[in-house]
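# Structural characterization, general
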Amino acid sequence: MPDTPQRTWSFAVPWPVILVAGLMVALLLALSGAYGFHGDEMYFVVAGRHPAFGYVDQPPLTPLLSAASVGVLGVSPTAVRVLPAVEMTLVVVLVALISRDLGGSRRAQVLAAVTAAVSGYLAAGHLDTTTELDLLAWAFILWLIVRLLAGADRRLWPAVGLAAGIALENKDTLLFLAAGLAVGLVVARRWDIVRSGWAWAAAAIALLLWAPNLAWQAANGWPQLTMASRIAGYAADNRAQIVPLLWLFTGPLLFPVTAAGVAWFLRARDAAPWRAIGIAGPVALGLVVVTGGKPYYAIGSVAVFMAAGSIVVDRWLTRGHARLKGVGFTVAAAASGALLALVTLPILPVTTFAAGSLPSAVPDTANQIGWPQFVSTVEGVVAALPAPERARAVILANDYSEASALVLLGSGLPPVYTGHNAYWAWGPPPARRTVVVHVGDWRPADWSGFFAGCHDVARISNGLGVPNGEQGKAVSVCTGLRASWTTMWPGLRTVS
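The structure reproduced in this document is the subject of the present report.

Parameters and conventions
Residues numbered from 1 in each chain as written. Predicted model: local features only at pLDDT ≥ 70, side-chain atom pairs only at ≥ 80, totals over all residues. Heavy atoms only, no water. Phe/Tyr/Trp six-rings, centres within 6.5 Å; stacked < 30°, edge-to-face > 60°. Helix = DSSP H or I, 4+ residues; strand = E, 2+ residues; numbered from the N terminus. Buried < 20%, exposed > 50% of the residue type's maximum accessible area, 1.4 Å probe, protein only. Axes fitted to C-alpha atoms, helices over the stretch in contact; angles between N-to-C directions. Parallel < 35°, antiparallel > 145°, perpendicular 65-115°, else oblique. Contact = heavy atoms within 4.5 Å. Nonpolar A, V, L, I, M, F, W, Y, C, P; charged D, E, K, R; others polar. Pairing = 2+ DSSP bridges. Disulfide = S-S within 2.5 Å. Expected span 1.5 Å × (residues − 1). Salt bridge = Lys/Arg side-chain N within 4 Å of Asp/Glu carboxyl O. 1 Å grid on protein atoms, 1.4 Å probe; cavity = no way out; pocket = protein on both sides within 12 Å on 5 of 7 lines; lining within 4 Å. Points joined across faces, edges and corners; volume = space filled by probe spheres on them. Polar contact = N/O pair within 3.5 Å; in protein donor to acceptor, adjacent residues only side chain to side chain.

Now for the packing of aromatic side chains. Applying the stated criterion to the full structure yields 18 aromatic pairs. Arranged with centres 6.2 Å apart and planes meeting at 20°, the rings of Tyr 43 and Tyr 423 form a pair that is stacked. In this pair, Tyr 43 sits in helix 2 (residues 39–48) while Tyr 423 sits in helix 24 (residues 422–425), placing the two residues 380 residues apart along the sequence. There is no split in this pair, since Tyr 43 and Tyr 423 are both buried.

Okay, the packing of helix 14 (residues 255–267) against helix 16 (residues 302–317) next. One way to put it is that helix 14 packs onto helix 16 with a least axis distance of 6 Å and a crossing angle of 90°. Relative to helix 16, the element helix 14 lies roughly perpendicular. Along its contact with helix 14, which presents Val 257, Thr 258, Ala 260, Gly 261, Val 262, Trp 264 and Phe 265, the element helix 16 presents Val 302, Val 304, Phe 305, Met 306, Ala 308, Gly 309, Ser 310, Val 312, Val 313 and Arg 315. Split into classes, the residues belonging to the contact of helix 14 with helix 16 amount to 12 nonpolar, four polar and one charged.

Strand order across the open sheet formed by five strands is 2-1-3-5-4, with mixed pairing between neighbours. Edge positions in the open sheet fall to strand 2 (416–417) and strand 4 (451–459), since each of these has one partner strand only. The pairing of strand 1 (residues 393–397) with strand 2 spans two bridges and is classified as parallel. By the bridge assignment for strand 2, Leu 396 is matched with Tyr 417.

A disulfide bridge is the covalent bond that connects two cysteines by way of their sulfur atoms. Overall, the coordinates contain one disulfide when judged by the stated rule. At a sulfur-sulfur separation of 2.1 Å, the disulfide partner of Cys 454 is Cys 478. Between Cys 454 and Cys 478, the S-S torsion sits near 115°, and that sign places the bridge as right-handed. Here the residue Cys 454 occupies a position in strand 4, and Cys 478 occupies one in strand 5 (residues 474–481), the gap between them amounting to 24 residues. The pair formed by Cys 454 and Cys 478 is uniform in burial state, with each residue classed as buried.

Moving on: helix 1 (residues 15–31). Here helix 1 is 17 residues long and its end C-alpha atoms lie 25 Å apart, about the 24 Å a rise of 1.5 Å per residue gives. Of the residues making up helix 1, those classed as buried are Pro 16, Val 17, Val 20, Ala 21, Met 24, Val 25, Leu 28 and Leu 31.

Another point: the pattern of salt bridges. One pass over the full model with this rule turns up nine salt bridges. The partner of Lys 473 in a salt bridge is Asp 441, and the shortest N-O contact between them spans 3.0 Å. Here Asp 441 lies in the loop between strand 3 (435–439) and strand 4 and Lys 473 lies in the loop between strand 4 and strand 5, a separation of 32 residues in the sequence. Given a relative accessible area of 23%, Lys 473 falls into the partly exposed group. Judged by relative accessible area, Asp 441 falls into the partly exposed class, the value being 39%. One salt bridge connects Asp 456 with Arg 459, and the closest N-O pair in it is separated by 3.2 Å. Taken together, the salt bridges that share partners define one network made up of Arg 100, Asp 101 and Arg 147.

Before going further, it helps to spend a moment on the layout of surface pockets. Here the second largest pocket is characterised by a volume of approximately 640 Å³. Contributing to the lining of the second largest pocket are 25 residues, with Trp 157, Ala 178, Leu 181, Ala 199 and Ala 203 lying nearest its centre. At the level of elements, helix 7 (130–149), helix 8 (157–168), helix 9 (174–187), helix 10 (191–194) and helix 11 (197–219) are the ones that each hand at least two residues to the lining of the second largest pocket. The dominant element in the lining of the second largest pocket, judged by the number of residues it contributes, is helix 9, at eight residues. Its residues assigned to classes, the lining of the second largest pocket comprises 24 nonpolar, one polar and no charged.

When you line up the elements, Glu 41 lands in helix 2. Separated by 89 residues in sequence, Glu 41 and Thr 130 have C-alpha atoms that sit 9.6 Å apart. Not counting the four nearest positions on each side in its chain, Glu 41 is found in contact with Val 80, Arg 81, His 126, Leu 127 and Asp 128. Within the structure, Glu 41 has its side chain in polar contact with the backbone nitrogen of His 38 (distance 2.8 Å). One polar contact links the side chain of Glu 41 to the main-chain amide nitrogen of Asp 128, over a distance of 2.9 Å.

A probe as big as a water molecule, rolled over the atoms, marks out the empty space that is left. Applying the stated rule across the entire model yields three cavities of 30 Å³ or more. Lining the largest cavity are Leu 396, Ala 397, Asn 398, Thr 418, Gly 419, His 420, His 438, Asp 441, Trp 442, Arg 443, Leu 492 and Thr 494. Among the residues forming the lining of the largest cavity, the class breakdown is four nonpolar, six polar and two charged. Its boundaries defined by the atoms lining it, the second largest cavity holds a volume of some 70 Å³. Around the second largest cavity, the lining residues are Thr 62, Leu 65, Ser 66, Leu 83, Pro 84, Glu 87, Asp 128, Thr 129, Glu 132 and Leu 133.

Structure below.
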């Protein structure tokens, strides 16, 4: 435990930490425009252009920020990826700050920053999803909790509540951290915190800030519970991915650092003030396993374990052969970072990436390729329609990625609709739009209940043979609506 009382706020870290963070954000920004958008990124932009206190599949914060980014910087992958790059860079600094406040030396703080910078945080910083803000929130809140458990000014508790409330407007997976900390505080017998009015005030602030989204959920039939049940339908697959994800996220060769941090929290005498955090992480992960959630839902806790692990590594270096051990750590860090960059960042020329096995192994990267070709194919189909049909045309896409690509990147297209997730809530096509250009797979699979006739007129190709969600899918023209759009719309809804 640090020897001196902790000030309420202190952001001082050694200059190499800032250097590591700067190199990380520079790399992420340099690669931000490569390949192209991910489908989720485009969906968030379009959702943010339909502002609400919530959506079927997430709270409102990330969509609103994504739309704002495009509004300021224009429609490009780089525009939406500036914030994620900055957010993950801040996590690197926060991991160093946590190491410092756990009693880590200057060297330990640098080790912590390096470990974080070559971990899954590097990969996460390339895409604009709800995960990045969630990871930042976990790291920031855990840093504040570390300080509070060590006796910092209790006036930090409102900051915890403020951060938690904002984070819950982004992703409700922060509840796993809250549950883990509650269990940890009780098991560690931190009755001073459990009974603290300041801690309860933090909970009240968080709930107050989360209230608009909760009200929206209640008014709309709690759609995120429906979404959670869909995700839990893949519980076996989700559970099977947890250990591989933890290994990859914490660094293929640096995962022992995080493992050492867990052991330090749970066993070390000088970790006694923070034992509750050591318990909270495994409890949060256990809750994800039990509920069948996605494997990354509690991954945010690794920030504090990386920080603690850096202290263990620092002490290991002091026990002799420091130079040899330092070289070993440097090689492991470089190799881990290089491997993660290879499999998660667009560092290869797109033709080289397409020619190898990575597209099948890393679908998130593969799904960034081919959107301009996709949009061009649909534009060609629309342009080929006779003028009277084109005037009555509407595009019906299989999913939100395809619909959003056409909305953001298309030119001269008729209105775009899909029954997928939030798009369905934005309503059906106008009644006069009776010529349908359908894109992608059918959901439901049998189109005959909706249209009298459909025929395929084109196939999507990204030109590289990359096997992603759109490659080889049909573009069809359908006519003869079986009923009005208003009548058919409920049957076209998909939540997934």
